[in-house]
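This is what each chain is made of:
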Amino acid sequence: MTDFSYQLYSSREYPPLSDTLRMVAGLGYTQVEGFGGVYDDSLAGALKDAGLAMTTGHISLDMLENDPDAAVALAKSVGMKAAYCPHIAADQRPVDAAGWRAFGERVQKAGAAIRDAGLIYGWHNHDFEFIPQADGSIPMEEMFKGGPDLSWEADIAWIVRGGDLMDWIARHGHRISAVHVKDIAANGTCADEDGWADVGHGTMDWAGLMTALRATPATYFIMEHDKPNDHARFAQRSIETVRGLA
């Protein structure tokens, strides 16, 4: 039985964090994923009080490169088993194959201290990594060439928005250690939620996807919605969906 996780970014507009932690624990989640907005000295205690484990977390490239000791201390303070570099701003992104290969090498190097501490380390995708560059290269392909040891937290819905999901799972599924379980709303719906849907209430075939993803090394399955207009509804309906597929 999978212990499903919840990306706390989904609830960033619904403070306080302590209430969110109690809410997701009450729905049956046993794990959560952290991001920069929740990391402070009170976090470990709040997780303990709610009976939750922060098994995975997003750690910025800036912290990984410029204060690796702090990154490791953060991960250890909440018991992370895996950490993922989550993003690069649009104005900092490479524009060709060579640039993306170099960036993959950079990201891999940035995680050296995390890997040395015994954690899984890798990249978390959005959609831009799958969109061809002017020279025809695909950023994600080049990143994996430059960072051959990078693990991958596959954000499934972002892959769909950027590329051929099943092809990526077939060719690079061996890298997947964590999955963002996210759904896409039908065209013309959920405009106030940026076109995302609660898991199982959108357009994606989660029964088929879970079968494919369980054939990869993926250990962590994390519910996420980038802009829910009701985070409790999203959390409840999403875990109900994936439990029904377990």
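For the structure, see preceding data.
Bear in mind the structure is a predicted one, so any value in this text is a computation, not a measurement.

Here we come to the overall build of the protein. If you tally the helices and strands in the protein, you get 11 helices and 10 strands. Taken along its principal axes, the extent of the C-alpha atoms in the protein is 45 × 45 × 35 Å. Evaluated residue by residue, the protein yields a buried proportion of 53% over its 246 residues. Split by element, the accessible area of the protein, about 10,400 Å² in all, is 50% carbon and sulfur. Taking the 20 positively charged and 35 negatively charged side chains of the protein as two groups, their mean positions are separated by 3 Å.

The full count for this structure, using the stated rule, is 13 salt bridges. Notably, a salt bridge pairs Asp155 with Lys182, separated by 3.0 Å at the nearest N-O pair. Of the two residues, Asp155 is situated in strand β6 (residues 151-155) and Lys182 in the loop between β7 (176-181) and β8 (183-184); the sequence distance between them amounts to 27 residues. The same class applies to Asp155 as to Lys182, namely buried. The shortest N-O distance in the salt bridge between Asp167 and Arg171 comes to 2.9 Å. Note that Asp167 and Arg171 are positioned in helix α9 (residues 165-172) at a spacing of 4 residues, about one turn of the helix. Note on Asp167: relative accessible area 30%, which makes it partly exposed. For Arg171, a relative accessible area of 35% corresponds to the partly exposed category. One continuous salt-bridge network, built from bridges that share partners, spans Asp155, Lys182, Glu224 and Asp226.

Our next topic: the packing of aromatic side chains. Applying the stated criterion across every chain, the model contains 10 aromatic pairs. With 5.5 Å between their ring centres and 70° between their planes, Phe144 and Trp152 make a pair best called edge-to-face. According to the relative accessible area criterion, Trp152 is buried, its value standing at 0%. Between Trp158 and Trp196 the ring centres are 4.8 Å apart and the planes differ by 75°, which places this aromatic pair in the edge-to-face class. Of this pair, Trp158 sits in helix α8 (residues 156-162) while Trp196 sits in strand β9 (residues 196-197); the two residues are 38 residues apart in sequence, bridging distant segments of the chain.

All right, on to the sheet that holds strand β3 (residues 53-58) then. Taking strand neighbours around the barrel as the criterion, the 8 strands line up as β1-β2-β3-β4-β5-β6-β7-β10 in a closed arrangement whose pairing is parallel. In this sheet, neighbouring strand axes are inclined to one another by 30° on average, regardless of whether the strands run parallel or antiparallel. Strand direction decides the pairing type here: strand β1 (residues 5-7) and strand β2 (residues 31-34), joined by 3 bridges, are parallel. By the bridge assignment, Gln7 is partnered in β2 with Glu33.

The next point concerns unusual backbone geometry. The residue after Pro15, namely Pro16, is reached through a cis peptide bond having omega 0°. Within the fold, Pro16 resides in the loop between β1 and α1 (17-26). Phi is positive for Cys190, close to 55°, though the residue is something other than glycine. For Cys190, the location among the structural elements is in the loop between β8 and β9. The partly exposed category is assigned to Cys190, whose relative accessible area is 26%.

Moving on: the nonpolar core. Counting residues in each nonpolar core, the largest one holds 69 residues, and the members touching the most others are Tyr6, Met54 and Ile156. If we ignore the near neighbours within four places in the chain, the residues touching Met54 are Leu8, Val32, Glu33, Gly34, Val38, Tyr39, Leu43, Leu47, Val78, Gly79 and Met80. Core analysis: the second largest hydrophobic core is formed by 5 residues, Ala82, Tyr84, Ala178 and Tyr220 among them.

What follows is about the environment of Asp127. Residue placement: Asp127 occurs in the loop between β5 (120-124) and α7 (139-146). Along the chain, Asp127 and Trp168 lie 41 residues apart, while their C-alpha atoms are 13 Å from each other. Once you skip the residues sitting within four places of it in the chain, Asp127 turns out to touch Trp158, Arg161 and Gly162.

Cut-off values and rules
Residues numbered from 1 in each chain as written. Predicted model: local features only at pLDDT ≥ 70, side-chain atom pairs only at ≥ 80, totals over all residues. Heavy atoms only, no water. Helix = DSSP H or I, 4+ residues; strand = E, 2+ residues; numbered from the N terminus. Buried < 20%, exposed > 50% of the residue type's maximum accessible area, 1.4 Å probe, protein only. Areas by Shrake-Rupley, 256 points an atom, 1.4 Å probe, with all protein chains shown as cover. Lys, Arg positive; Asp, Glu negative; His and termini not counted. Charge placed at Lys NZ, Arg CZ, Asp CG, Glu CD. Salt bridge = Lys/Arg side-chain N within 4 Å of Asp/Glu carboxyl O. Phe/Tyr/Trp six-rings, centres within 6.5 Å; stacked < 30°, edge-to-face > 60°. Pairing = 2+ DSSP bridges. Axes fitted to C-alpha atoms, helices over the stretch in contact; angles between N-to-C directions. Core = buried A, V, L, I, M, F, W, Y, C linked by side-chain atoms within 4.5 Å. Contact = heavy atoms within 4.5 Å.

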